[in-house]
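# Topology and contacts: notes
Here are the chains, one letter per residue:
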Amino acid sequence: MHRAGGLWRRLRQRRAASGGPGPGVGDGAAPGVAAAAAGAEEASLELGPEAEADPGLLRASSPELERRLRGLALVRGGFLRPGEEAELLRELEPELSRRRYQFDHWDGAITGYRETERGRWGAAGRAVLSRMAAAFPPARPPLPLVHVLDLHPRGEVRPHVDSVKFCGCTIAGLSLLSASVLRLEACGAPGLWLELLLEPGSIYVLRGAARYDFTHRILPPEASFFGGLPVPRARRLALICRNAPPEPPDPLRLPGDPRPAETPPRPAEPARSPPAR
């Protein structure tokens, strides 16, 4: 906790100097941090392509890459309102506690995790998911089932690109319980990278090139640093929303044909990881 406290103090100073909101959020945030998050609520809800990331929560290998991914890779702190994290945990813990952490995965993309999908929520969950929906195009809303990923303190999400069979153009993730670092690397050019500091109660959004042309991963405990500062890892819970992939056009359907389209078999694609982590 001492190391984490030092990290938050230094990041708060850095972000205050840059004009961004202080870190924080969840139910354990300091009162001043919670007040700052509440005061920045309106800005926190701006999650569309024109939105700006919190400057203290994003690092890039170059200014050019940061500009290239502006609006495509986004992180906003203070997304949750006071009390919402506790309400979400109250809903999720009974189901998650019945599951064991798994330390293998069919394609090796993740280790030390348990997961579920959830479509029914209480009032707090519905309110949070309604705000998260602002990250998605109106014509491509999030799917009704939310992916809940519980990462063990020693768990790791390895570099992967989410499969186009399961995910559409946009992914939005809400982080609970523990801070972590999400690292994106350009496919075939690992020297081009972007890092997002995911504080408890923060939201991240990946869309467009950031979603398709970059791998992403959650750094393991031994590599969990941000700007040279350690980010201590504990158990991390994430609520991940995604929209559906577009249906391919029916080659047998004429323009203006009112009949429902028939979906032809999808062409084979390179093996990629399943839903967003």
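Whatever comes next refers back to the structure up there.
Description of the structure in this document. (Residues numbered from 1 in each chain as written. Predicted model: local features only at pLDDT ≥ 70, side-chain atom pairs only at ≥ 80, totals over all residues. Heavy atoms only, no water.)

### A closer look at the overall build of the protein chain
Put simply, the rule is: In this description a helix means any DSSP run of H or I spanning at least four residues, a strand means any run of E spanning at least two, and both kinds are numbered starting from the N terminus. Only protein chains enter the accessibility calculation, which uses a 1.4 Å probe. A residue is then buried if its area is under 20% of the maximum for its type, exposed if over 50%, and partly exposed in between. Residues are treated as being in contact if the distance between any of their heavy atoms lies within 4.5 Å. Note that accessible areas follow from Shrake-Rupley with a 1.4 Å probe, and for residues the cover is restricted to the protein chains shown.
In terms of helices and strands, the protein chain carries seven helices and twelve strands. Burial statistics for the protein chain: of 277 residues in total, 49% are counted as buried. Long-range contacts, defined as pairs at least 24 residues apart, comprise 79% of the intrachain contacts of the protein chain with a sequence gap of at least 6. Element-wise, carbon and sulfur atoms account for 57% of the exposed surface of the protein chain, whose accessible area totals about 13,200 Å².

### As for helix 5 (residues 84-96)
Under the convention used in this document: Multiply 1.5 Å by the residue count of a helix minus one, and that product is the helix's expected span. Bending is quantified residue by residue as the angle between axes fitted to the seven-residue window ending at that residue and the seven-residue window starting at it.
The first and last C-alpha atoms of helix 5 sit 18 Å apart over 13 residues, in line with the 18 Å expected at 1.5 Å per residue. By the largest-angle criterion, Arg90 marks the main kink of helix 5, which is about 30°, and a proline, Pro94, follows within four residues. Where helix 5 is concerned, the buried positions are Glu84, Glu85, Leu88, Leu89, Glu91, Leu92 and Leu96. Contacts made by the buried residues of helix 5 are with strand 3 (110-118), helix 6 (123-132), strand 4 (146-160), strand 5 (170-176) and strand 12 (236-242).

### A word on unusual backbone geometry
A negative phi holds for most residues other than glycine; trans holds for most peptide bonds. Backbone geometry at Leu177 places phi at a positive 75°, although glycine is not the residue there. Along the chain, Leu177 turns up in the loop between strand 5 and strand 6 (180-186). Assessed through its relative accessible area of 34%, Leu177 is described here as partly exposed.

### Some details on the side chain of Glu156
Basically, it comes down to this: Pairs of N or O atoms are called polar contacts if they sit within 3.5 Å, as long as, within protein, a hydrogen donor faces a hydrogen acceptor (for residues adjacent in sequence, only side-chain-to-side-chain pairs).
Looking at the secondary structure, you find Glu156 in strand 4. Engagement of the side chain of Glu156 in a polar contact is seen with the side chain of Arg217, the distance being 3.1 Å.

### Quick look at the packing of aromatic side chains
The line we're drawing: Pairing of aromatic rings covers Phe, Tyr and Trp, the last through its six-membered ring, and needs centres within 6.5 Å; plane angles under 30 degrees mean stacked, over 60 mean edge-to-face, and all others mean tilted. Each ring is checked for a lysine NZ or an arginine CZ that lies within 6 Å of its centre and within 35 degrees of its normal; such an atom marks a charge sitting over the ring.
The tally for this structure, following the rule as stated, stands at zero aromatic pairs. One residue, Arg59, lies across the ring of Phe226, its end atom 5.8 Å from the ring centre. Positioned over the ring face of Tyr101 is Arg114, at 4.2 Å from the centre of the ring.

### As for the side chain of Ser175
On the secondary structure map, Ser175 appears in strand 5. Apart from residues no more than four positions distant in its own chain, Ser175 is found in contact with Leu198, Glu199, Pro200, Gly201, Ser202, Arg236 and Leu237.

### A word on the pairing of strand 4
Going by this rule: Paired strands are those between which DSSP finds at least two bridges.
Burial of strand 4 is extensive: eleven of the 15 residues sit out of reach of the surface. One ladder, built from five bridges, connects strand 4 with strand 12; its direction is antiparallel. Within the sheet, the bridge partner assigned to Asp150 lies in strand 12 and is Leu237.

### Brief notes about the environment of Ala135
As for its position among the elements, Ala135 is in the loop between helix 6 and strand 4. The exposure class assigned to Ala135 is buried, which follows from its relative accessible area of 3%. Sequence-wise, Ala135 and Leu74 are 61 residues apart; in three dimensions their C-alpha atoms are separated by 9.8 Å. The contacts of Ala135, once residues within four sequence positions are left out, are Leu47, Thr170, Ala172, Val205 and Arg207.

### What about the pattern of salt bridges?
Let me state the cut-off plainly: We define a salt bridge as a side-chain nitrogen of Lys or Arg found within 4 Å of a carboxyl oxygen belonging to Asp or Glu.
Counting across every chain of the model gives 16 salt bridges. For Arg183, the salt bridge identified is with Glu185, shortest N-O distance 2.8 Å. Under the relative-accessibility criterion, Arg183 is labelled buried at 16%.

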